[in-house]
Amino acid sequence: MSEDDEIKEDDEELEQENGEEHEEENEQETQEENEEDKEDEMKEEEVHPVETEEEKPEAAEAAMPPGEELLLPQDTLLSAGIHIGTRMKTGDMEQFIYRVRPDGLFVLDVKKTDDRVRVAAKFLARFEPSKIAAAAARLYAQEPVSKFCQVTGAMPVVGRFIPGLLSNPLYPNRIEPEVLIVSDPRADFQAVKEASSVGIPVVALCSTDNEFVGVDLVIPTNNKGRRALAVIYWLLARQIMRERGELAPDKDLQLTIDDFEAKISREEEET
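Definitions and limits used
- Residues numbered from 1 in each chain as written.
- Predicted model: local features only at pLDDT ≥ 70, side-chain atom pairs only at ≥ 80, totals over all residues.
- Heavy atoms only, no water.
- Phe/Tyr/Trp six-rings, centres within 6.5 Å; stacked < 30°, edge-to-face > 60°.
- Buried < 20%, exposed > 50% of the residue type's maximum accessible area, 1.4 Å probe, protein only.
- Helix = DSSP H or I, 4+ residues; strand = E, 2+ residues; numbered from the N terminus.
- Expected span 1.5 Å × (residues − 1).
- Arc of directions from axis to C-beta.
- Polar contact = N/O pair within 3.5 Å; in protein donor to acceptor, adjacent residues only side chain to side chain.
- Axes fitted to C-alpha atoms, helices over the stretch in contact; angles between N-to-C directions.
- Parallel < 35°, antiparallel > 145°, perpendicular 65-115°, else oblique.
- Left-handed = near helix turned anticlockwise from the far one by under 90°.
- Contact = heavy atoms within 4.5 Å.
- Nonpolar A, V, L, I, M, F, W, Y, C, P; charged D, E, K, R; others polar.
- Pairing = 2+ DSSP bridges.

Asker: What is the right way to look at the packing of aromatic side chains in this model?
Answerer: Each aromatic ring pair is described using two quantities: the centre-to-centre distance and the angle formed by the ring planes. Under the counting rule described, the total for this entry stands at two aromatic pairs. With a centroid separation of 5.1 Å and an interplanar angle of 75°, the aromatic rings of Phe123 and Phe127 are classed as edge-to-face. The class of Phe127 is buried, set by a relative accessible area of 15%.

Take a look at the structure:
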């Protein structure tokens, strides 16, 4: 079944459960979200290129001060493109931006990303695993989120977010998490909107082009790149398990970063 067919079926279910009074608004939001997601994913190779030998001097500039240690080696983070933003920046994200490259791409500060992963893990470890929900509308985020939930026991909400899933008490499949993780506040706009309306705190992966409306805790990172999403969700999952005391501080997850990475062909992206 194609993605368009799935969207149509979801829309029919939404009309039955939530009534027709919000139909026009939901259709418009869904259409805009899908168009933005498709455009971003098609442009990923342009906006988030794999770093080449010519770009290594930038990595040297971003070197950590002596004595400071990251949760993962800096080379691992940089090779995954964790620090690569977009050619747009918002006022909200300016505090996390390290520099702008000659080609116009904004570069995130990997130390601040590391710091926020630690903070987010401490925060999320306080919740019962079943009370944590993680949403991912983007294709590249869906496998990392699924694996994250498999490791941590959280609830995955992958693919299109059904309006009313958090906010409509009459919706039979409604979920009631105590905290929500989103992979991109723009792509996961409906999830952020509903979580805010019912008082659920939102932890969001944010790139340089994101705003913080409805977001309570930001993890600055490349939230569109395939490898970057795998690394950030693997790292967050490992740190949460360490904070819970279920994983020793010097141990890694049984699943690897490769296991977290989306396995999607170009043909699948275009369908």
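Let us keep going from here.
Asker: Looking at this structure, I do not really get helix 6 (residues 110-124). What am I missing?
Answerer: Along an α-helix, a turn takes 3.6 residues, which lines up residues three or four apart on a common side. In this model helix 6 runs 21 Å from its N-terminal to its C-terminal C-alpha over 15 residues, within 8% of the 21 Å that 1.5 Å per residue would give. When helix 6 is considered as a whole, its buried residues turn out to be Val110, Thr113, Asp114, Val117, Ala120, Ala121 and Leu124. End-on, the buried residues of helix 6 take up no more than an arc of 130°, which puts them together on one face. Measuring from the backbone nitrogen of Lys111 back to the side-chain oxygen at the start of helix 6 gives 2.9 Å, which picks out Asp109 as the cap.

Asker: Is there a simple way to explain the packing of helix 6 against helix 9 (residues 226-244) in this structure?
Answerer: In a pair of packed helices, the angle between the axes and the distance between the axes together describe the arrangement. Where helix 6 meets helix 9, the closest approach of the two axes is 8 Å, and the angle between their N-to-C directions is 45°. In this view, helix 6 runs oblique relative to helix 9, as classed from their interaxial angle. Regarding helix 6 and helix 9, the two cross each other, and that crossing is right-handed. The residues of helix 9 that touch helix 6, namely those facing Thr113, Val117, Arg118, Ala120, Ala121, Lys122 and Leu124, are Ile232, Leu235, Leu236, Gln239, Ile240 and Glu243. Residues of the contact of helix 6 with helix 9, tallied by class, amount to eight nonpolar, two polar and three charged.

Asker: Even after reading the chapter, I still don't get the side chain of Asp209, so can you show me in this structure?
Answerer: Relative to the elements of secondary structure, Asp209 occurs in the loop between strand 6 (202-206) and strand 7 (217-220). In this structure the side chain of Asp209 is engaged in a polar contact, spanning 3.3 Å, whose partner is the side chain of Lys224. In this structure, Asp209 is in contact with Thr86, Met88, Thr90, Arg186 and Lys224, ignoring residues within four places of it in sequence.

Asker: Teacher, can you tell me more about the sheet that holds strand 6 here?
Answerer: Sheet strands line up and pair through hydrogen bonds in the backbone, either parallel or antiparallel. An order of 4-3-5-6-7 is seen for the five strands of this open sheet, with the pairing classed as parallel. At either end of the open sheet lies a strand with only one pairing partner, and these are strand 4 (155-158) and strand 7. Adjacent strand axes in the sheet meet at a mean angle of 20° when their direction is disregarded. By the bridge criterion, four bridges tie strand 3 (residues 132-136) to strand 4 in an arrangement that is parallel. Bridge pairing in strand 4 links Ala133 to Met155. Relative to the sheet, helix 7 (residues 139-152) contacts strand 3, strand 4 and strand 5 (179-182), its axis offset from that of strand 3 by approximately 165°. Sitting on the sheet, helix 8 (residues 189-197) is in contact with strand 3, strand 5 and strand 6, with an inclination near 160° to strand 5.

Shape is all these values report; function is a separate question.
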